[in-house]
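Residue-level structural notes
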Amino acid sequence: MDVISIIRPKVTGYDEEDSDVEMSDVEVNLDKDSGLKTDVVTPGELVTDDPIWMRGHGTYFLNEKTYSAVAGSILKVNRLLSVIPLRGRYQPETGDHIIGRIKEVGHKRWKVDIGGKQDAVLMLGSVNLPGGVLRRKSESDELQMRNFLKEGDLLNAEVQSLFQDGAASLHTRSLKYGKLRNGYFVKVPSSLIVRSKNHSHQLPGNISIILGVNGYIWISKNVSSNFDSTNSKTNKHEAKLVNHGKEYNPGQGTLSIPKLEESSWEIYSDKNDPDISESIRSTIARYVNCIKCLSHCEIGITEQRIVTAYEASMAYENAGSLIDVEVMENIGSDVINGEKMRGNG
Amino acid sequence: MILSPAERSYLYDSLSVQPPVRPDARSAHQFRPIEASCSFLPNSNGSSRVRLSDGGEAIVSVKTQVVLTKNESSLISIDVDINKERDDSNFIKNLISSLESILLKKFPIEKLKLTERYSFKVYIDCFILSHNSYPLGLLSLCIYLALKSTRLPLLTSTVNDREIEEQPTFNDDWEASKKLFEPSEHQDDPPLLFVVGIIGNNVFIDPSNEEEEVSENGLIVGFANGEIVPPVQSTNLSNRDSKGISPKHILKAYSMVRNCGKEVVKALNTVVSSDDDVFTSIY
């Protein structure tokens, strides 16, 4: 019976005799053209004393010299010098497919936690509302905002634009975006997510996955999108109640697309699919552990690697053993070796 | 921690099927892996550090003092300190009272007796650096390790001081020190507390943050020397309304803790003995 596994803390001891490394012995890799360091820099490290460089993100200037403010690699664009941090909070970019959690409902907008420095903003005008895409947002919509999305709700969205201060403005104006259901949420460092064309994938075992660029991952049962109308009715009913008896017709007085209206309340439903089988649930749990393995081993997360890790994890009949550090490292090395064998590692 | 309604119902449904599918695929009786070490604080009689895989971390130090037995109401004093939490908050007071209720009852007090007049007083200081789930289980493991690694100096003066008053004196050779809990004496190990979550008909040990959030109720079960010991308390692991506990739940939790407890004690004792080797090699 596997009850508890205890590991010992790793001793990163330095040899007492040679604890001091002579600075002059360290070979510094210098770029021949620019006289800059080419490898990784640490905070406070001198990057250059050449005043010709413009200082970008992750650097600071002191006594005519440029130092690194973060731990990361140097990026040069023409004369602009910046340091890209190895780790850090997610920095949104326009077009990123992300997952966020509603933090606050405000005036015509939702504040969304996306794991960045600032909360993102989702304007009431940037979501699909019941009653079709092509309509204006009315005052009754503003009063209904909590019926669409409330605090704690998870959604996937796209970064529409960035504000001056770097905060993101999101939109969910597509049927592939919106509330998340039928699954489980995992968080990994955003630096591990490899940007690609497509961030939602189908995995073996009838599982869908959304790899948010911000490191938030949603693993769910693959549900084909034939909505039943029961859920939409319940939510519609709630909406009516809140409105103090006054009839609330979504998108009243505007043109609506009938097909969309039928499915529209559906996209804000909180109800999971009633028949998610146990095998699907255990498959999701196994995928979750595989993603944690990749994250533990600091391997960039892509669809292909998740599938490889999942296949490697099949060697362990009990998916619960995947939480052991030793097993996690085995799976990580399996993934890396697999890529090397195929020649793309 | 806040969950969306869909997440909450997914977790709840997964944990209520038979057998429960836990979010990290653990079985119901499986703990999260921990990283543990002990006897590393040079100024304490015993110390330990335990880290959980979810980032929780606790350090416990055991110090002893020679006191006049008749002046002390209790020979054990427990203090818990949590980062960013007030010392007089309910959360901390509840933790301390749970720990006291088992330690004061199940601690072999006679081991602390020095002479007719004098005893050791044990101060158990716990510091929780960070925690995501309810820290009692973590703390209990940590206290176990610290107590198991506790060493007391060897008494050189006479044990009988009833007639002639005499201050106890000790051997100042630390190598001659004695362990508070000798490894051979299996009969009185320090007690442990386990946290058990309850959902539907299922019980599961060492609930993670999310599991706590959706659990209907929680149980704290004491365990010492291979048997279930009081206290057995119910506790509300989430901030939401809890449901009742049936005797079935309690019996299930009992048999689970009885089975797991032995394994946990065995694993913890291995840590103590391996760190003990390190200790003796230094001194």
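Here is what the cut-offs are and how they apply
- Residues numbered from 1 in each chain as written.
- Chains lettered and ligands numbered in written order.
- Predicted model: local features only at pLDDT ≥ 70, side-chain atom pairs only at ≥ 80, totals over all residues.
- Heavy atoms only, no water.
- UniProt positions renumbered as here; feature names shortened; annotations may be inferred.
- Pairing = 2+ DSSP bridges.
- Helix = DSSP H or I, 4+ residues; strand = E, 2+ residues; numbered from the N terminus.
- Axes fitted to C-alpha atoms, helices over the stretch in contact; angles between N-to-C directions.
- Contact = heavy atoms within 4.5 Å.
- Buried area = accessible area lost by both parts, 1.4 Å probe.
- Polar contact = N/O pair within 3.5 Å; in protein donor to acceptor, adjacent residues only side chain to side chain.
- Nonpolar A, V, L, I, M, F, W, Y, C, P; charged D, E, K, R; others polar.
- Phe/Tyr/Trp six-rings, centres within 6.5 Å; stacked < 30°, edge-to-face > 60°.
- Buried < 20%, exposed > 50% of the residue type's maximum accessible area, 1.4 Å probe, protein only.
- Salt bridge = Lys/Arg side-chain N within 4 Å of Asp/Glu carboxyl O.
- Expected span 1.5 Å × (residues − 1).
- pLDDT = per-residue confidence, 0-100.

Under an unreviewed UniProt entry, the name given to chain B is Ribosomal RNA-processing protein 42, and the source organism is Pachysolen tannophilus NRRL Y-2460. Taken verbatim from the UniProt record of chain B, the Sequence similarities (unreviewed entry) comment is "Belongs to the RNase PH family."

Under the heading Sequence similarities (unreviewed entry), UniProt records this for chain A: "Belongs to the RRP4 family." Regarding chain A, the UniProt comment filed under Subcellular location (unreviewed entry) reads as follows: "Nucleus".

**Side note on the sheet that holds strand β18 (residues 216-221) of chain A**
Residue and element names in this part refer to chain A. A sheet is described by the order of its strands in space; here four strands give the open sequence β15-β18-β17-β16, paired in antiparallel fashion. A single partner strand is all that each edge strand has here, and the edge strands are β15 (183-187) and β16 (200-203). Mean inter-strand twist for the sheet, computed between neighbouring axes without regard to direction, equals 20 degrees. Lying over the sheet, helix α5 (residues 278-296) contacts β15, β16, β17 (207-211) and β18, oriented at roughly 160 degrees with respect to β18. Packing against the sheet, helix α6 (residues 303-313) makes contact with β16 and β17, and its axis sits at approximately 25 degrees to β16.

**Some words on the interface of chain A and chain B**
With 38 residues of chain A at the contact, the number on the chain B side is 40 residues. Of the roughly 3200 Å² buried between chain A and chain B on both sides combined, carbon and sulfur atoms contribute 59%. Among the residues chain A hides against chain B, the three largest losses belong to V3, I4 and R281 of chain A. Together they make up 21% of the total. Linking chain A with chain B are 16 residue pairs in polar contact (both at pLDDT 80 or more). Residue assignment for the side of chain A that touches chain B shows that the elements contributing at least two residues are β1 (6-7), β15 and α5 of chain A. Per-element accounting of the side of chain A that touches chain B gives the leading share, eight residues, to α5 of chain A. Residue composition of the side of chain A that touches chain B, grouped by class: 17 nonpolar, nine polar and 12 charged. Two elements, β1 of chain A and strand β1 (residues 34-38) of chain B, share two bridges in a ladder whose sense is parallel. Its bridge partner being in β1 of chain B, I7 of chain A is matched across the sheet by E35 of chain B.

**Concerning the packing of aromatic side chains**
Inspection of the entire model under this criterion finds nine aromatic pairs over all chains. When the ring of F148 of chain A is compared with that of Y268 of chain A, the centres are 5.3 Å apart and the planes differ by 45 degrees; the resulting orientation is tilted. Taken as a pair, F148 of chain A in helix α2 (residues 145-148) and Y268 of chain A in the loop between α4 (258-264) and α5 lie far apart in primary sequence, 120 residues in all. Look at F148 of chain A and you get buried, because its relative accessible area is 0%. Using a relative accessible area of 4% as the deciding quantity, one classes Y268 of chain A as buried. Here F107 of chain B and F181 of chain B contribute two aromatic rings whose centre-to-centre distance is 5.7 Å and whose plane-to-plane angle is 80 degrees, an arrangement assigned as edge-to-face. Here F107 of chain B is found in the loop between α2 (90-106) and β5 (118-130), whereas its partner F181 of chain B is found in the loop between β7 (178-179) and β8 (192-199), with 74 residues between them in sequence.

**Focus on the pattern of salt bridges**
Residues and elements named next belong to chain B. This structure, assessed with the given rule, holds 30 salt bridges over all chains. Residue E72 pairs with K121 through a salt bridge whose shortest N-O separation is 2.9 Å. With a gap of 49 residues between them, E72 in the loop between β3 (57-68) and β4 (76-82) and K121 in strand β5 connect regions that are remote in the sequence. We note a salt bridge from E227 to R258, for which the minimum N-O separation is 3.8 Å. Of the two residues, E227 is situated in strand β11 (residues 227-235) and R258 in helix α5 (residues 247-282); the sequence distance between them amounts to 31 residues. Through salt bridges that share partners, R22, D24, R26, R32, D54, D206 and E211 make up one connected network.

**Observations concerning α2 of chain B**
Residues and elements named next belong to chain B. Helix length check: α2 (17 residues) gives 24 Å between terminal C-alpha atoms against 24 Å at 1.5 Å per residue, within 8%. Taken as a whole, α2 has its buried residues at I92, L95, I96, S98, L99, S101, I102 and L103. In the core, the buried residues of α2 are packed alongside β4, β5, α3 (136-148), β8, β10 (217-224) and β11.

**Quick word on the confidence of the model for chain A**
Residue and element names in this part refer to chain A. Summing up the model confidence of chain A, the mean pLDDT is 81 and the portion of residues at 70 or higher is 78%. Here residues 226-248 is modelled with pLDDT under 50, and outside its nearest four sequence neighbours on either side it reaches 32 contacts, counting other chains as well. A low-confidence stretch, residues 251-262 (pLDDT under 50), is modelled with 18 contacts involving residues beyond four sequence positions or located in other chains.

**Regarding the pairing of strand β8 (residues 80-85) of chain A**
Residue and element names in this part refer to chain A. Where strand β4 (residues 54-55) and β8 come together, two bridges link them in parallel fashion. From the neighbouring strand, R55 faces β8, where its bridge partner is L81. Note that strand β7 (residues 72-77) and β8 share six bridges and pair antiparallel. Each residue of the ladder has a partner; that of G72, found in β8, is P85. The turn joining β7 and β8, which pair antiparallel and follow one another in sequence, is formed by two residues; a positive phi near 50 degrees is taken by N78.

**Details of the sheet that holds strand β2 (residues 40-41) of chain A**
Sheet architecture is open: four strands sit in the order β2-β7-β8-β4 (chain A), paired in mixed fashion. Every other strand in the sheet has two partners, leaving β2 and β4 of chain A as the edge strands with one partner each.

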